Amino acid sequence: EPIKINGAPQPEPESEPESEPESEPESEPESEPESEPESEPESEPSASAYKSVAYKGCGESKNCFGQPANCEGSGSCDYMFTWKINDAGTKMIWEGYRKGSGYVAVGISKDSNMGQDSMFICNQGGVKEYYAKGKTMPVPVTQSSVKLLKNEVKDGNLYCSFESGVSYEADRKKRSLDVNIGEEKYHVLLAQGDGALSYHGKDRIASSEPQALNVVQASVGTKSNLLLKLHGICMIAAWIGCIGTGIIFARYFKTTWTGQQVMGKDRWFAAHRFLMAVGVVLTIIGLVLAAVHLGGWKYNADQISNNPHPVTGIITFILALIQPIMAFFRPHPGTSMRPIFNIAHWGVGSIAFMLGLTSIFLASNLVKVTIEPIGYVICCVVYVVVYVLVHLALTGNAIRAKAKQKTEVHPMTEKGMSAEPNIDDLPGRGFRITLLAVFSIFTFVIFIALTVLIFRSE
């Protein structure tokens, strides 16, 4: 029995039993198991099982691209792929790595979005070539030239190495992308998921720029999602920060600050118009930012069914544009068309606001920006709950104020008569102003919290 569980690093036990009495081998195993098991578990995690393989030569002899950003140099990637062209220039050599079990995939595409792509997926069973025609389940290539070089799971982590061709043509039954690595540049897409193949969710990244895959570069940067983050902040500022408060002004403050005007308009109307105008402008800016980042409309039916955020957002944008146009052409008070305008303006505005909030909620599950969902959703829910409570409180205030006013106003006052410009405010003025101030501060806090969550997202 020369080999013990922890005896391999020490050569003495192999020779000592022949020259030393049996008592010494008995004493040495007593001390060795006590010291070695304590040191070995500490050293194993620090030495990456794949650092000498997947990480070796990154930026020097091969390209490396992993998540999180810039993890290749420190050997701390959750998942990554490497690639290089062989000396003959006839084959691409790829390496895939991920922590834990499941699959890791690499795709090459003309843009940074999943669509008309060629991809390779590694799992415990080996490697397969697939093609994609949108954000749907990829289709395996029936006549693939991919050759597996190595595939292993060590310390619970997956590593694979394989080679592929450098050029091939698209075929409706085989591939969806013409590939010529020697002459064209491509975006590199990475993803990981559970099992042999499943929806990757938010575990995906894309190179910021098209890459010459046959040229070794120092690093491969990920595509920035700053424009998408700014898009989200603009939309939150518009619909939570401005439009929600603007609705409150129009609905409950027509009889507050009575007779006090700003630039010839009642205070409530000036505040309402300003907030709505800023909200519409921010909505337009937000939409432009998203369109620039995406390069136009990049969604199909399957993507919309998974998350209808783009559709609800576009409808919200259209309704937001309709509102100021309707307001510009509004009929004068007292005309026969004025009640119809009031109903239409209220209805379109209410639908737009509800869709705007819905779009903000749906953003918590977007693939392109990985927001911490629990905190984000909690902030949104808290805002909606408080917003509803404010409406209820102000509605109750208005009911009580009108009931009190009936006992004070001359009984012959004609029902429906417009208020005179210098009459006193409706009772409960102090309560309304205080609640508005508290709600405004609360809204600002929610906006800051959501902004922080968005900027901390990946």
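Here, every reference points to the structure presented above.
How each quantity is defined
Residues numbered from 1 in each chain as written. Predicted model: local features only at pLDDT ≥ 70, side-chain atom pairs only at ≥ 80, totals over all residues. Heavy atoms only, no water. Helix = DSSP H or I, 4+ residues; strand = E, 2+ residues; numbered from the N terminus. Buried < 20%, exposed > 50% of the residue type's maximum accessible area, 1.4 Å probe, protein only. Contact = heavy atoms within 4.5 Å. Areas by Shrake-Rupley, 256 points an atom, 1.4 Å probe, with all protein chains shown as cover. Pairing = 2+ DSSP bridges. Expected span 1.5 Å × (residues − 1). Disulfide = S-S within 2.5 Å. Axes fitted to C-alpha atoms, helices over the stretch in contact; angles between N-to-C directions. Parallel < 35°, antiparallel > 145°, perpendicular 65-115°, else oblique. Nonpolar A, V, L, I, M, F, W, Y, C, P; charged D, E, K, R; others polar. Salt bridge = Lys/Arg side-chain N within 4 Å of Asp/Glu carboxyl O. Left-handed = near helix turned anticlockwise from the far one by under 90°. Phe/Tyr/Trp six-rings, centres within 6.5 Å; stacked < 30°, edge-to-face > 60°.

Asker: Help me understand the overall build of the chain, please; the structure alone is not making it clear to me.
Answerer: Of regular secondary structure, the chain possesses nine helices and 15 strands. Burial statistics for the chain: of 458 residues in total, 42% are counted as buried. Taking contacts inside the chain between residues at least 6 apart in sequence as the whole, the part at least 24 apart equals 62%. Roughly 24,900 Å² of accessible area belongs to the chain as shown, and the carbon and sulfur atoms make up 60% of that amount.

Asker: Where do I start with the pairing of strand β3 (residues 92-98) in this structure?
Answerer: One face of the sheet, then the other: side chains in a regular strand alternate in exactly this way. The buried count for β3 comes to six of seven residues, which makes it a mostly enclosed element. Two elements, strand β2 (residues 79-85) and β3, share seven bridges in a ladder whose sense is antiparallel. Along β3, the bridge assignment pairs tryptophan 83 with tryptophan 94. Hairpin connection between β2 and β3: a loop of six residues separates the two successive antiparallel strands, and glycine 89 in this loop has a positive phi of roughly 75 degrees. Alignment of β3 against strand β9 (residues 157-164), held across seven bridges, turns out to be antiparallel. From the neighbouring strand, glycine 96 faces β9, where its bridge partner is cysteine 160.

Asker: Help me understand helix α7 (residues 338-362) in this model?
Answerer: For an α-helix, 3.6 residues make a turn, and residues three or four places apart therefore share a direction. Here α7 is 25 residues long and its end C-alpha atoms lie 36 Å apart, about the 36 Å a rise of 1.5 Å per residue gives. The complete set of buried residues in α7 reads Arg338, Phe341, Gly347, Val348, Gly349, Ser350, Ala352, Phe353, Gly356, Leu357, Ser359 and Ile360.

Asker: Explain the state of the cysteines here, please?
Answerer: Two cysteines whose sulfur atoms are joined by a covalent bond form what is called a disulfide. Applying the stated criterion across every chain yields a total of three disulfides. Disulfide pairing is shown between cysteine 58 and cysteine 64; the S-S distance is 2.0 Å. Where cysteine 58 bonds to cysteine 64 through sulfur, the torsion about that S-S bond is close to -90 degrees, and the disulfide is left-handed. Take cysteine 64: its relative accessible area is 6%, and that puts it in the buried class. Each sulfur of the disulfide joining cysteine 71 and cysteine 77 lies 1.9 Å from the other. Between cysteine 71 and cysteine 77, the disulfide has an S-S torsion of 95 degrees and is therefore right-handed. Residue class for cysteine 77 comes out buried when judged on its relative accessible area of 0%.

Asker: Looking at this structure, how should I read the packing of helix α3 (residues 226-252) against helix α9 (residues 429-455)?
Answerer: In contact at an axis separation of 10 Å, α3 and α9 are set at 170 degrees when each is read in the N-to-C sense. Relative to α9, the element α3 is oriented roughly antiparallel. Its residues assigned to classes, the contact of α3 with α9 shows 16 nonpolar, five polar and two charged.

Asker: Is there a simple way to explain the pattern of salt bridges in this structure?
Answerer: A pair can form between side chains of opposite charge whenever their charged atoms are brought close. This model, assessed by the stated rule, comprises three salt bridges. Residue lysine 62 is joined to glutamate 95 by a salt bridge in which the shortest nitrogen-to-oxygen separation is 2.5 Å. A residue pair is termed long-range when its members are at least 10 positions apart, and lysine 62 in the loop between α2 (23-46) and β1 (63-67) and glutamate 95 in strand β3 qualify at 33 residues. In terms of burial, lysine 62 and glutamate 95 fall into one category: buried.

Asker: For this particular structure, what's the right way to read the packing of α3 against helix α4 (residues 267-294)?
Answerer: Each pair of packed helices gets described by two things: the angle between the helix axes and the distance between those axes. Running from N to C, α3 and α4 cross one another at 160 degrees; their axes reach a closest spacing of 8 Å. By the angle between their axes, α3 is roughly antiparallel relative to α4. α3 and α4 meet at a crossing whose hand is left-handed. Residues of the contact of α3 with α4, tallied by class, amount to 24 nonpolar, eight polar and no charged.

Asker: I'm lost on the sheet that holds β1 in this one. Help?
Answerer: Note: strands within a sheet are paired through backbone hydrogen bonds, in either parallel or antiparallel orientation. Strand order across the open sheet formed by five strands is β1-β2-β3-β9-β8, with antiparallel pairing between neighbours. Each edge of the open sheet carries a strand with a single partner, namely β1 and β8 (147-154). The sheet shows a mean angle of 10 degrees between the axes of neighbouring strands, direction not considered. Bridging between β8 and β9 involves seven bridges; their strand directions are antiparallel. Its bridge partner lying in β9, leucine 148 is registered against phenylalanine 162.

Asker: Sorry if this is basic, but what is going on with the packing of aromatic side chains here?
Answerer: Here a ring pair, both rings aromatic, is described through the centre-centre distance and the interplanar angle of the planes. By the definition in use, this model includes 17 aromatic pairs. With a centroid separation of 5.5 Å and 45 degrees between ring planes, the pair formed by phenylalanine 249 and phenylalanine 253 is classed as tilted. For the pair phenylalanine 249 and phenylalanine 253, one class covers both residues: buried. A network of ring pairs unites the aromatic residues Phe81, Trp83, Trp94, Phe120 and Phe162 as a single cluster.

Asker: Is there a simple way to explain the environment of valine 281 in this structure?
Answerer: When you line up the elements, valine 281 lands in helix α4. Residue valine 281 is classed as partly exposed on the basis of its relative accessible area, which comes to 47%. Residues valine 281 and alanine 238, 43 residues apart in the sequence, show an inter-C-alpha distance of 8.1 Å.

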